[in-house]
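# Close look at the chain arrangement
Each chain, written out:
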Amino acid sequence: MSDDTWHFAHVADHHLGTPRSYRYRPTMARRWRGIRRQIIESRPELLLVSGDVTLDGDTHEFEYRNTREDLDTLPFPSFVVPGNMDVGNKHTRAESPRNDRSDVALNMTSHRLALFAGYFGPIQWTFVHRGVRFSGFYAAVAGSGLPEEERFWRFLEHLTKLPPARLHVAMMHYWPYIDDPEEPTWDITDAEQYLPWYFSIDRPHRRRLLDSLQAAGVTNLLCGHVHTGRPVERVGEMRVHKTPAAGNTAQMTGRWDEIETRQGFQLCEVGEEEITVTFVPAEDQSPVTDAWGPGGHPRLEERDYSPAREQPPLAPDPWLIGEGEAPGTQF
Ligand SMILES: [Fe+2]
Ligand SMILES: [Fe+2]
C-alpha cells in the first residue's frame, strides 16, 4: 500500500457460537480464529463488523459476552451492528410454509436489541475518522413498529444533515435487495420466495433507506447476512458490497453464476477519491465436518442441549421460555 493511503477491515457473519450450546460448528470458530489473525497481520486502523457475531445470541446472552471478549482483545477498535442471529429477524405477521420454524416467534424484540447494545454499544452510530464518515445501523427494524424503528428513521434523516464527508461508509446486516433495488417485496408465504424474503429489506423500507443513504452521500454500503459474496453493485453513485461470511457457510449459492463462497474478510483501502474493497480469502477453508446440532431456526422446545461438549450447557435465557421477567420489558 502506498504511504498516503490507510485501510480498515470489514467482516460479516463470523457466528462465533460456544461449545456450551445445543449446536456448534468448531470449524467455523477455527476459520474465524484464522481470519482474525490475518486481519491483525494486515494492520487495519479499525474493524467494521456487520452482525451475526453469534450463532444463537438471540437466545443466549452468554454468546454476547463471549464475542465481546474476543473483539476486545483485538489490537484496534471494532464497531459492530447486530445481525438477526444476534437479536432476531425482521418482523413478519405471516408465517412461511416452512414447518421447521415459527417466523413470527423469530421477530426481533426491543429487549434483545437493548441487551445487545449493552455489550456492543448503540445499535446505530456514526463517526468521522480521518475525514471518512462511518455509519452503522440495523435496517431490519424497519417495519417492526418498535420504538427502534422510529429512532432508525430519525437517525437516517440526521445523517443527511451532517456536514458532507469526503467518503461515507455505511454498514448494515441484511442485503437491502436481492437482485435489483426496484424488485418487489418478496412473499414470505410463497416457499419459492422465502429465502429472498428472509435475506432482504422489504421494498417500501428499502426505497426509503437507499434514498436516505444516497442523500447522506454514502459512497460504500457494506452488508452480510447471506454469507455469499457478489461482485460489487452500484445504486447511483453508491457501491454496494455483499460480503462473504467470516466463518459461516455460503447460502443461496445456486441463484447466481458469479459468487464468492469462500470465507474471509474485506480489506478496504482508503484513497483520496475512493475506497478500494478487496476480498481476502481465509487461509483455512476447511469444510465443516465436526458440527453438532441442527441448522436453521429450531423452536426453543425442540432444542436438545444434552450434546453440548462444554459444561455447564447453556439454556435459553429464562424470559424467552416464560420464566422470570425480562429486564427492559418497558421498551
Ligand atoms: Fe449469518
Ligand atoms: Fe444473518
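Computed from a predicted model, the values in this text were never measured in an experiment.

Reading the values: rules and limits
- Residues numbered from 1 in each chain as written.
- Chains lettered and ligands numbered in written order.
- Predicted model: local features only at pLDDT ≥ 70, side-chain atom pairs only at ≥ 80, totals over all residues.
- Heavy atoms only, no water.
- Pairing = 2+ DSSP bridges.
- Helix = DSSP H or I, 4+ residues; strand = E, 2+ residues; numbered from the N terminus.
- Axes fitted to C-alpha atoms, helices over the stretch in contact; angles between N-to-C directions.
- Contact = heavy atoms within 4.5 Å.
- Donors = N, O, S within 2.8 Å, 3.2 Å for Na, K, Ca; no water.
- Tetrahedral: all angles 85-135°; square planar, octahedral: opposite > 155°, others 65-115°.
- Buried < 20%, exposed > 50% of the residue type's maximum accessible area, 1.4 Å probe, protein only.
- Disulfide = S-S within 2.5 Å.
- Parallel < 35°, antiparallel > 145°, perpendicular 65-115°, else oblique.
- Left-handed = near helix turned anticlockwise from the far one by under 90°.
- Nonpolar A, V, L, I, M, F, W, Y, C, P; charged D, E, K, R; others polar.

Glancing now at the sheet that holds strand 1 (residues 6-11). The five strands lie next to each other as 3-2-1-10-11, forming an open sheet whose pairing is mixed. Each of the sheet's edge strands pairs with one partner strand only, and the pair in question is strand 3 (78-80) and strand 11 (275-281). Recorded for the sheet is a direction-independent mean angle of 25 degrees between the axes of neighbouring strands. For strand 1 and strand 2 (residues 47-49), the ladder comprises three bridges, and the chain directions are parallel. Opposite Val11, over in strand 2, you have Val49 as the bridge partner. Against the sheet, helix 1 (residues 26-42) makes contact with strand 1, strand 2, strand 10 (264-270) and strand 11, and its axis sits at roughly 15 degrees relative to strand 10, the strand it touches most.

Ideal geometry at a metal centre: 109.5 degrees between donors when four sit tetrahedrally, and 90 or 180 degrees when six sit octahedrally. Looking at the iron ion (ligand 1), one finds its protein donor set to be Asp13 (OD), His15 (NE2), Asp52 (OD) and His227 (NE2), positioned 2.1 to 2.2 Å from the metal centre. Because the angles between the four donor atoms bound to the iron ion (ligand 1) fall within 89 to 167 degrees, the donor set is best described as irregular. Between consecutive donor residues of the iron ion (ligand 1), the sequence gaps follow D-x1-H-x36-D-x174-H. Separating the iron ion (ligand 1) from the iron ion (ligand 2) is a distance of 3.3 Å, and Asp52 supplies a donor atom to each of them. One end of the pair, Asp52, is in the loop between strand 2 and helix 2 (61-72); the other, His227, is in the loop between strand 7 (220-223) and strand 8 (233-235), and 175 residues separate them in sequence. On the basis of relative accessibility, which here comes to 2%, the residue Asp52 falls in the buried class.

Overall, mixed pairing links the six strands, which are arranged 4-5-6-7-9-8 in an open sheet. Where the open sheet ends on each side, the last strands, each with one partner, are strand 4 (125-129) and strand 8. Strand-to-strand twist across the sheet, computed as the mean angle between neighbouring axes with direction ignored, equals 20 degrees. With four bridges joining them, strand 7 and strand 9 (residues 238-242) adopt parallel strand pairing. Following the sheet pairing, Leu222 is matched in strand 9 by His241. Taken strand by strand, helix 7 (residues 203-215) contacts strand 6 (167-171), strand 7, strand 8 and strand 9, and its axis lies near 125 degrees from that of strand 9.

Here the focus is the state of the cysteines. Applying the stated criterion across every chain, the model contains zero disulfides. The structure places no disulfide on Cys223, whose sulfur is separated from the nearest cysteine sulfur, that of Cys268, by 12 Å. Using a relative accessible area of 0% as the deciding quantity, one classes Cys268 as buried.

Orientation of helix 5 (residues 147-161) relative to helix 7, taken along the N-to-C sense of each, is 30 degrees, at an axis distance of 7 Å. As the angle between them shows, helix 5 and helix 7 are arranged roughly parallel. The crossing of helix 5 and helix 7 is left-handed. Contacts between helix 5 and helix 7 involve Glu149, Phe152, Trp153, Leu156 and Thr160 from the first element and His205, Arg208, Leu209, Ser212, Leu213 and Ala215 from the second. In the contact of helix 5 with helix 7, the residues fall into six nonpolar, three polar and two charged.

A few words on the coordination of the iron ion (ligand 2). Bound to the iron ion (ligand 2) are the protein donor atoms Asp52 (OD), Asn84 (OD1), His173 (NE2) and His225 (ND1), situated 2.1 to 2.2 Å from the metal. Classification of the site at the iron ion (ligand 2) as irregular follows from its four donor atoms and the range of 86 to 159 degrees in their angles at the metal. Written as a sequence motif, the donor residues of the iron ion (ligand 2) are D-x31-N-x88-H-x51-H. On the accessibility criterion, Asn84 (0% relative accessible area) is buried.

Function-wise, these values are silent; they only describe arrangement.
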